[in-house]
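# A closer look at the structure
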Amino acid sequence: MSHKIVLEEISKNKIYGGQQMRFRHESKTLNCEMTFSIFIPEKGENEIVPVLYWLSGLTCTDENFVLKSGFQKYANQRGIAVVCPDTSPRGENVPDDHDSSYDLGLGAGFYLNATQKPWIKNYHMYDYVSDELPSLVNKNFKINGKKMSISGHSMGGHGALCIALRNYSSYKSASAFSPIASTISCPWGVKALSNYLGGSAKDNFYEWAKYDVVELIKQSDLSIQNSFPIMIDQGNADNFLDEQLKTKLLIDVAKKEKFPLKIRFQEGYDHSYFFIASFIEDHINFHAKYLNC
């Protein structure tokens, strides 16, 4: 018998003509109860619409982008649904960092599939975002599952770009704000990958490289390079820029591999949602172009 997933509506609010909703469901992939937010544009009440997935960063839930970015106005104008998953599995039986640090465990799933204890039972955010959640959304809403794009911020920017590069035939476009460009090369990434995947970049390189944007670009083929659109915005006043985000490594590898990334440095902007709110219209319009809406 198939596993039937039931959605429980938590909230529903009208905004800019569309509906911003939040749901709870049991996740077979993550072995826990999960929440996600979804915006359905006014057009989506009667027509099938394309969808953009948004992945948030460290310490966030599915609500941060919904409440702080103002994306709904632009998504409604372009007729795009927007789905926001949580950033990690949650619940009493879901393991957390023993020190309750912000960069590991709850709120810090890094959009990967963990292979190490105690994380392996629940921390499969890669499969959840790329498979289970889209399937759930497509079955329950008027969504065109063949017109799908993905975006995110910081840890979520890392997740969006990795998922897109590894599944480029499933997405029309990808974008990111302040993404972690190389998990292998920054403290946040090394801590996460060593715990979730085990070992080090040296002795477990194959597994680590699956979740590193720079390494995935090195491995990309010409079909991606010539056809898959990616846009990145990065504030030059971001206090995480040099130590954690490693944007220069991304610029260097894109140049070396002739990978046509569009990277924009924005003068005076930091890592916050003020930055995201300032340029989210550009990102919605970027994706609308490739979603044909």
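See the structure above.
Residues numbered from 1 in each chain as written. Predicted model: local features only at pLDDT ≥ 70, side-chain atom pairs only at ≥ 80, totals over all residues. Heavy atoms only, no water.

## Here's the deal with the packing of aromatic side chains
To describe a pair of aromatic rings, you give the distance between the ring centres and the angle between the ring planes. This structure, assessed with the given rule, holds 17 aromatic pairs. Ring geometry for Phe177 versus Phe275: centroids 5.5 Å apart, planes at 85 degrees, classification edge-to-face. Of this pair, Phe177 sits in strand S7 (residues 174–177) while Phe275 sits in helix H11 (residues 273–291), and the two are 98 residues apart along the sequence. Comparing Phe177 with Phe275, the two get one shared label, buried. A centroid spacing of 5.0 Å and a plane angle of 75 degrees characterise the contact between Tyr269 and Phe279, whose relative ring orientation is edge-to-face. In this pair, Tyr269 sits in the loop between strand S9 (262–266) and H11 while Phe279 sits in helix H11, placing the two residues ten residues apart along the sequence. For Phe279, a relative accessible area of 11% corresponds to the buried category. (Phe/Tyr/Trp six-rings, centres within 6.5 Å; stacked < 30°, edge-to-face > 60°. Helix = DSSP H or I, 4+ residues; strand = E, 2+ residues; numbered from the N terminus. Buried < 20%, exposed > 50% of the residue type's maximum accessible area, 1.4 Å probe, protein only.)

## A short note on the pairing of strand S8 (residues 230–235)
Buried residues dominate S8, accounting for six of its six residues. Here S8 shows a buried face lined by Ile230, Ile232 and Gln234 and a second buried face lined by Met231, Asp233 and Gly235. For S7 and S8, the ladder comprises four bridges, and the chain directions are parallel. Paired with Ala174 across the bridge in S8 is Ile230. Direction of pairing for S8 relative to S9: parallel, over a ladder of five bridges. Along S9, the bridge assignment pairs Ile232 with Ile263. (Pairing = 2+ DSSP bridges.)

## Points about the nonpolar core
Grouped together as the largest cluster of nonpolar side chains are 70 residues, with contacts concentrated most on Phe36, Phe110, Phe141, Ile150 and Tyr196. Each residue touching Phe110, except ones within four places of it in the same chain, is listed here: Leu58, Thr87, Asp103, Met155, His158, Ile180, Trp188, Gly189, Ala192 and Tyr196. If you look at the next biggest cluster of nonpolar residues, it comprises 21 residues, including Leu52, Val66, Ile280 and Ala288. (Core = buried A, V, L, I, M, F, W, Y, C linked by side-chain atoms within 4.5 Å. Contact = heavy atoms within 4.5 Å.)

## Observations regarding the pairing of strand S3 (residues 32–40)
In terms of burial, S3 is a largely internal element, eight of the nine residues being buried. Across nine bridges, the pairing between strand S2 (residues 18–27) and S3 is antiparallel. Bridging from a neighbouring strand, His25 pairs with Met34 of S3. As consecutive antiparallel partners, S2 and S3 are separated by four residues, and within that stretch Asn31 has a phi angle of approximately 55 degrees, a positive value. As paired elements, S3 and strand S5 (residues 81–85) share four bridges and run antiparallel to each other. Note that in S5 the partner of Phe39 across the bridge is Val82.

## Some details on the side chain of Asp97
Note that Asp97 resides in the loop between S5 and helix H3 (125–140). The buried charged residue Asp97 lacks any salt bridge, with Lys191 as its nearest oppositely charged partner at 4.7 Å. A polar side-chain atom of Asp97 sits 2.7 Å from a polar atom in the side chain of Ser101. Not counting chain neighbours up to four residues away, the residues in contact with Asp97 comprise Leu104, Gly105 and Trp119. (Lys, Arg positive; Asp, Glu negative; His and termini not counted. Salt bridge = Lys/Arg side-chain N within 4 Å of Asp/Glu carboxyl O. Polar contact = N/O pair within 3.5 Å; in protein donor to acceptor, adjacent residues only side chain to side chain.)

## Points about the environment of Ala181
Relative to the helices and strands, Ala181 resides in the loop between S7 and helix H5 (187–196). The sequence separation of Ala181 and Thr247 amounts to 66 residues, and the corresponding C-alpha distance is 5.8 Å. The residues contacting Ala181, other than those within four sequence positions of it, are Asp212, Val213, Val214, Leu245, Lys246, Thr247 and Leu250.

## Observations regarding the packing of helix H2 (residues 71–78) against H11
With their axes 9 Å apart at the nearest point, H2 and H11 run at an angle of 25 degrees to one another. It follows from the interaxial angle that H2 and H11 lie roughly parallel. Of the two possible hands of crossing, H2 and H11 adopt the one that is right-handed. Touching Phe71, Tyr74, Ala75 and Arg78 of H2 are Ile280, Glu281, Ile284, Asn285 and Ala288, all from H11. For the contact of H2 with H11, a count of residues per class yields six nonpolar, one polar and two charged. (Axes fitted to C-alpha atoms, helices over the stretch in contact; angles between N-to-C directions. Parallel < 35°, antiparallel > 145°, perpendicular 65-115°, else oblique. Left-handed = near helix turned anticlockwise from the far one by under 90°. Nonpolar A, V, L, I, M, F, W, Y, C, P; charged D, E, K, R; others polar.)

## Quick word on helix H10 (residues 247–257)
Considered for burial, the residues of H10 that qualify are Thr247, Leu250, Val253 and Ala254. What you see down the axis of H10 is that its buried residues fit within an arc of 125 degrees, all on one side. Across H10 from its buried face, at more than 90 degrees, point the exposed residues Lys248, Lys255 and Lys256. Elements that come into contact with the buried residues of H10 comprise helix H7 (213–219), S8, helix H9 (241–245) and S9. (Arc of directions from axis to C-beta.)

The values are spatial; any link to function lies outside them.
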